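Next come the chains, spelled out residue by residue.
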Amino acid sequence: MKSDSSFFVRVDYSEFKSRLNRSPGCDIRRKAYETVIYDRQGDVLGIVHAASIDEKGRVHPTEYYLRRIEPPQQSPRLVA
């Protein structure tokens, strides 16, 4: 997964598919050129932007985005 400061990160298809396969029970909702995948808790897990052609004839391929995985919470260090 690419790393930057945004809440969602762009990934390739294989990583997108792999993450969805590890998240059973997803809810998929489609609207126009966007598909949003929600996890079991109702949080957005991923977004797919459909391929398109703009008014200048440029082709835009399908784009896949995943919610950034938060790092595991570390317990505070105890110092004696």
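All of these numbers come straight from a predicted model, not from anything done at the bench.

Caption draft 1: Inspection of the overall build of the protein chain at higher detail. Along its length, the protein chain carries one helix and seven strands. Counted from the first residue to the last, the protein chain has its helices and strands arranged as β-α-β-β-β-β-β-β. Put simply, the protein chain has 80 residues, and 24% of those count as buried. When contacts within the protein chain are restricted to residue pairs at least 6 apart in sequence, those whose partners lie at least 24 apart make up 38%. If you sum the accessible surface of the protein chain, you get close to 6,600 Å²; carbon and sulfur atoms cover 53% of it.

Caption draft 2: Layout of the packing of aromatic side chains. In total, this model carries three aromatic pairs according to the counting rule given. Seen from their ring centres, F16 and Y64 are 5.1 Å apart, and the 45° between their planes marks the pair as tilted. Of this pair, F16 sits in helix α1 (residues 13-21) while Y64 is found in strand β7 (residues 63-67), placing the two residues 48 residues apart along the sequence. With a relative accessible area of 4%, F16 lands in the buried category. Put simply, the rings of Y13, F16 and Y64 pair up and form one aromatic cluster. Over the ring of Y38 we find R29; its NZ or CZ atom is 4.3 Å from the centre of that ring.

Caption draft 3: Up close: the nonpolar core. V9, V11, F16, I37, L45, V48, Y64 and L66 form the largest nonpolar core, which has eight residues in total. Counting only elements with at least two residues in this core, the list comes to β1 (8-11), β4 (44-49) and β7.

What counts and how
- Residues numbered from 1 in each chain as written.
- Predicted model: local features only at pLDDT ≥ 70, side-chain atom pairs only at ≥ 80, totals over all residues.
- Heavy atoms only, no water.
- Helix = DSSP H or I, 4+ residues; strand = E, 2+ residues; numbered from the N terminus.
- Buried < 20%, exposed > 50% of the residue type's maximum accessible area, 1.4 Å probe, protein only.
- Contact = heavy atoms within 4.5 Å.
- Areas by Shrake-Rupley, 256 points an atom, 1.4 Å probe, with all protein chains shown as cover.
- Phe/Tyr/Trp six-rings, centres within 6.5 Å; stacked < 30°, edge-to-face > 60°.
- Lys NZ or Arg CZ within 6 Å of the ring centre and 35° of its normal.
- Core = buried A, V, L, I, M, F, W, Y, C linked by side-chain atoms within 4.5 Å.

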